[in-house]
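Structural overview
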Amino acid sequence: MREAILEFTGIDYVDFPEAEPLAKAIQQMGKTRGVATQTPPGASWGKLVDGLLGDFVEPNLIQPTFITQYPAIFARWPKASPATRCMWSVLSISLPAWKWAMRLPS
């Protein structure tokens with residue numbers, strides 16, 4: 001997850017352990033790229049990271065993609081990652097075509 005967000009936004013959320021500095025980094029990224037960004041006042045760190053994933057990463061995934069190494073705040077039963085204590089091994093599979101198909105009216 002960290003690598004995907006860094007690739008599509010240029011933001012390494014591990015460098016911003018608090019919500020306010022992360023929100024400022026997101027706003028700055030939006031100004032630099034000319035992209036509208038949403039950072040609601042008082043949004044939690046987890047909400048901001050989830051927004052980065054949903055707004056900037058997932059729309060760019062074309063092939064089925066495995067997203068791993070979620071921050072611990074996102075997981076109910078995570079397994080600690082040996083790389084860093086703030087990252088946890090959780091598996092998420094993104095299948096954009098399947099999500100699109102699920103949106104079709106029945």
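Quick look at the structure, then. The structure presented is a predicted model; accordingly, all values stated were derived computationally and were not measured.

Turning to the pattern of salt bridges, a few remarks are in order. In the structure shown here, the tally under the stated rule is two salt bridges. Close ionic contact of Arg2 with Asp12 constitutes a salt bridge, the shortest N to O distance being 2.8 Å. In this pair, Arg2 sits in helix H1 (residues 2-9) while Asp12 sits in the loop between H1 and helix H2 (19-33), placing the two residues ten residues apart along the sequence. Using a relative accessible area of 29% as the deciding quantity, one classes Arg2 as partly exposed. Accessibility expressed as a relative area gives 14% for Asp12, which makes it buried. Put simply, Glu20 and Lys24 hold a salt bridge, and the shortest N to O gap is 3.6 Å.

Counted by the stated rule, this structure contains one aromatic pair. Consider the rings of Tyr13 and Trp45, whose centres lie 5.7 Å apart with planes at 70 degrees: the pair is edge-to-face. Here Tyr13, found in the loop between H1 and H2, pairs with Trp45, found in helix H3 (residues 45-57); they are 32 residues apart in sequence, far enough to count as distant. The exposure classification of Tyr13 matches that of Trp45, with both residues buried.

In this section: H2. Its 15 residues place the ends of H2 21 Å apart at the C-alpha level, agreeing with the 21 Å of an ideal helix rising 1.5 Å per residue. Three or more residues of H2 are buried, namely Ala19, Leu22, Ala23, Ala25, Ile26, Met29 and Gly30. One side of H2 holds all its buried residues, which, seen down the axis, span an arc of 160 degrees. Exposed and oriented more than 90 degrees from the buried face of H2 are Glu20, Lys24, Lys31 and Thr32. The elements touched by buried residues of H2 are H1 and H3. Downstream of H2 by one or two residues, Gly34 has phi in the positive range, about 70 degrees.

As for its placement among the helices and strands, Pro59 is situated in the loop between H3 and strand S1 (65-67). Given a relative accessible area of 55%, Pro59 falls into the exposed group. Those residues in contact with Pro59, other than ones at most four positions away along the chain, are Leu53 and Gly54.

The next thing to look at is the side chain of Thr39. Locating Thr39 in the fold gives a position in the loop between H2 and H3. For Thr39, a relative accessible area of 16% puts it in the buried group. Among the polar contacts listed, one links the side chain of Thr39 to the side chain of Gln27, at a separation of 2.7 Å.

Conventions and cut-offs
Position numbers for residues start from 1 in each chain and track the written sequence from start to end. Selection of residues for local features in this predicted model requires a pLDDT of at least 70, selection of side-chain atom pairs for listing and counting requires 80 or more, and totals for whole chains, interfaces and linings are taken over all residues. Remark: hydrogens and water are excluded; side-chain values derive from all non-hydrogen atoms of the structure. Between Lys or Arg on one side and Asp or Glu on the other, a salt bridge is scored when a side-chain nitrogen of the former is within 4 Å of a carboxyl oxygen of the latter. Runs of E in the DSSP output that reach at least two residues are strands. Runs of H or I that reach at least four are helices, and both are numbered from the N terminus. Only protein chains enter the accessibility calculation, which uses a 1.4 Å probe. A residue is then buried if its area is under 20% of the maximum for its type, exposed if over 50%, and partly exposed in between. Planes of paired rings set the category: under 30 degrees apart is stacked, over 60 is edge-to-face and the rest tilted, where pairs are Phe, Tyr or Trp rings (Trp by its six-membered ring) whose centres lie within 6.5 Å. To estimate how far a helix should extend, the number of its residues minus one is multiplied by 1.5 Å. Think of the arc as the fan of directions from the helix axis to the C-beta atoms. Residue contacts are counted whenever heavy atoms from the two residues lie within 4.5 Å of one another. N or O atoms closer than or at 3.5 Å make up a polar contact, with two conditions inside protein: a donor-capable atom paired with an acceptor-capable one, and, for residues adjacent in sequence, both atoms drawn from side chains.

Everything listed is a geometric property; what it means functionally is a separate question.
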